[in-house]
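Commentary on secondary and tertiary structure
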Amino acid sequence: MMGELRQDLRYAVRILAKSPGFTAAAVLSLALGIGANTAIFSLVNALLIRSTPVADPARVVRVYPAGSDGRFHSVSYPDYLTLRGASRTLAGLSTFTTRPLSLATGGQADRVTGEIVSGDFFRTLGLRPAAGRFFVPEEGVTPGTHPVVVLGHGLWQRRFAGDSSVVGRTIGLNGRTFTVIGVAPASFVGVSVAILADVWVPVMMSDALFPMESGSRLTQPEVTWLNLVGRLAPGASRPAAEAELGTIVRGLATARGETVDPRANPVRVEAENRRFADHQAEVTAFMAVLMAIVGVVLLVACVNLAGLLLARASARRREIAIRLAVGAGRGRLLRQLLTESLLLGLSGGGGGVLLALWGTDLLARLRPAADVTIALDLGLDARVLGFALGVSVLTALAFGLVPALAATRSDVVSALKDEAPGGGRRRSRLRNGFVVAQVALSLLLLLGAGLLTRSLRNAGAIDPGFDPADVTVVPFDVGIQGYSAARGQIFYADLLERARALPGVRAAALAENVPLGLGNQAMGFNAPGVTPPEGRGSIVADFNIVSPGYFAALRIPLLSGRDFAATDRAGGPAVAIVNATMARRFWPGGTALGRRIWAGRVDTTGGYEVVGVVADGKYRTLGEEPRNYVYLAYPQSPATALTLHLKVAGGLDAVLGGLRDAVRALDPSMPVLTPMSLRSAIGISLLPHRLAAGVAAAFGLIGALLAALGIYGVTAYTVSQRAREFGVRLALGARAGDVFRLVLGQGMRLALTGVALGVMGALALTRFLGSLMYGLSPTDPVTFGGVTAGLAAVVLLACFVPARRATRVNPVDALRSE
């Protein structure tokens, strides 16, 4: 048996080497399809499948408590302690949160990303250090004690050249001295989604690193800021842990007097690789769209391969008939032909892996500009390579089987007499069917690309509610420089004054969040007489903290009331500005001015007086429905990380030097991070749509090219097989134009059949792109008409050359052969 397999393999190599054109076309088609699928699957693997490299990852879980608004939220440190102490289904429960930090070593200061974690974090994950040791639980007990730090392996290599003597040395973090006690393993870069952690710091040092004005975040149950990761106890399951933790969370909410919906589970316990909480479904759906796009590309490539194999089987019809005549069994011939298909598939898979390496490099470059290092491992690990191998084998065997069966059904007598050289009607129908499928699938791809591209163009025309023209954003964070709240306010006030004085600066303001950026925040608000939805304790609204002049800098229309003023100082009456949607929903038919809102429960003191109403805008995505939005005044609502918004005449380059000088004069150690135009910041919200449109457009064009090649190949093959017929027609008086129309009509009939099937399929499937559409219907007639006409033109061109060749058949040669 093994000898026969080796013989089949040697023969397959020889036979494919004799037809380099056919082999190259087949391998290239498969490489494009397999490469596209492998590249996108590597992205799916990184985001949705691959687990964090920890011990026994199947037992590690993410714990997501739900707030009164029904969305998943972080937890406070006191609530974490309660959950950890009361749970019996978890062998360990740890906290983490990601924060930027200022690292100082040897007189050099850099911004790094840190994970603030509980003392048992590394023990819960079951990790071993590359050098030194990890935290022990005792280092997470007393606030302000144990200023120790664990370095990330990457930072250890970059900053300390992998020197093991770094253990025991001190470094500066946010102006505090920390002792290095260990180095994380190279494979572990943190548990935050796609973010590379440079250092790990005990949660007990959080107040020292990020001081609060009032009290400690470690003692206040209303300050929710921590995420949870745990390890299941032996014999425990995720549903059991979810039920137990849900009971604990209900008890905590009842003790605080909060309304608890008995129908909803207030806790979700998910597998460790489900890292997106509220957005898990959206991310999964988007990845499914990308996989569907490249899956269609693979189908086009496979149909092309099947068509090529079928045409090749027709050319080898006499060879196969001779082998059958001398006693070869049909099963033996099937195995030989499938061996050739498998060899093509494996060769295409190898080429696909090489293309996937290039494709994943392109995907990695699409990462958005951010204050943290994006850590998305798109490497081709064993799972991705196994996927590529499986796709290669399955496609080769599945799409090589039909041509192999057709080839071994040859009529031996007619084949030996060299009759019916085209292989008969059955084989012609198969070839035509493959061409129709190629056109239909290619049209489906092109329609998706057209819809997504037009949608992106529409998105660019959507009014975001502010004017990004000539606005540049520059992030600052005084907290990681060790500033107190009072010192931070002085720095920002001086920064604003100096920025406004720079030549060319028309307006300057500070804000905690950039509109349509990645740092959106929301919390529950209440007002007298306003009833939250059933089962909710408050009405959710997004919010931002901004300085006076913010609305003028971004040209956000003030509909009524006033802007924040310099008199809105810390310690004075708290004020807020709401958008038109929130004013309408909270006080329908009345005015919002002078009303009071509370962050949380309504009481007799505190709250914010509404002093202005501004126009609605787009805050999270350009396609969102109107949402409640609140602006709070800085410095009444302190924030250490603020972004300077500069409206500059002539671009930032004209003032960047002056801005750096101004910052250096205020604090030489304050880093000026990379500025970004506000238009670029808006572009971050469109990154998924650009990715989908780019993938669809690129592979739609590839699919159209494959379809055109398929039409050309079938038409050219038909012309070569019917050359004698065309010669006879011409000899009997047919005009060249008649033959031209005959051939062209045959090709166009196949194309139009494929177009009709493609349109019907697109009408059924493009509705799944609805979430990615901006101002465009998934069945937009302009897109359907334009793409259909374009593909028809391409197919017409593919049929033109073989049709012209048919008109040049020499009738004398045809009659002589007869």
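Here is a short report on the structure shown in this document. (Residues numbered from 1 in each chain as written. Predicted model: local features only at pLDDT ≥ 70, side-chain atom pairs only at ≥ 80, totals over all residues. Heavy atoms only, no water.)

A closer look at the overall build of the chain
Using the following cut-off: Numbered from the N terminus, helices here are DSSP runs of H or I no shorter than four residues, and strands are runs of E no shorter than two. Each residue gets one of three labels from its accessible area relative to the maximum for its type: buried under 20%, exposed over 50%, partly exposed in between, using a 1.4 Å probe on protein chains only. Residue contacts are defined here by distance: any two heavy atoms, one from each residue, within 4.5 Å place the two residues in contact. Accessible surface is estimated by sampling points in the Shrake-Rupley manner with a 1.4 Å probe; for residues, cover comes only from the protein chains shown.
Tallying secondary structure elements over the chain gives 23 helices and 21 strands in all. The buried share of the chain, taken over its 818 residues, is 51%. Within the chain, residue pairs in contact and separated by at least 24 positions form 80% of the contacts whose partners lie at least 6 positions apart. For the chain, the computed accessible surface area is about 35,000 Å², with 60% contributed by carbon and sulfur atoms.

Side note on the pattern of salt bridges
Note the following rule: Take a side-chain nitrogen of Lys or Arg and a carboxyl oxygen of Asp or Glu: if they are within 4 Å of each other, that pair is a salt bridge.
Under the definition given, this model contains 20 salt bridges. Between arginine 620 and aspartate 542 there is a salt bridge; the shortest N-O distance is 2.7 Å. On the criterion of sequence distance, the pair formed by arginine 620 in the loop between strand E18 (608-614) and strand E19 (629-633) and aspartate 542 in strand E14 (residues 539-546) is long-range, its members being 78 residues apart. Each member of the pair, arginine 620 as well as aspartate 542, is classed as buried. Taken together, the shared-partner salt bridges in this structure form one network comprising Glu242, Arg268, Glu270 and Arg274.

Concerning the packing of aromatic side chains
Here is the rule: In summary, the pairing rule links any two rings of Phe, Tyr or Trp, Trp by its six-membered ring, whose centres are within 6.5 Å, and it sorts them by plane angle into stacked for under 30 degrees, edge-to-face for over 60 and tilted for everything else. Remark: a charge is flagged as sitting over a ring if the NZ atom of Lys or the CZ atom of Arg is within 6 Å of the ring centre and within 35 degrees of the ring normal.
Inspection of every chain in the model, using the stated rule, returns 21 aromatic pairs. The interplanar angle of 10° and the centroid separation of 4.2 Å between the aromatic rings of phenylalanine 41 and phenylalanine 387 together place this pair among those described as stacked. Note that phenylalanine 41 is positioned in helix H2 (residues 20-49) and phenylalanine 387 in helix H11 (residues 382-407), a separation of 346 residues in sequence. What links up through ring pairs into an aromatic cluster is the set Phe121, Phe122, Phe134, Phe135, Phe188 and Trp200. The ring of tryptophan 225 is capped by arginine 217, whose NZ or CZ atom sits 5.5 Å from the centre of that ring. For the cation-ring pair, arginine 487 lies above tyrosine 483, with the distance from its terminal atom to the ring centre recorded as 3.8 Å.

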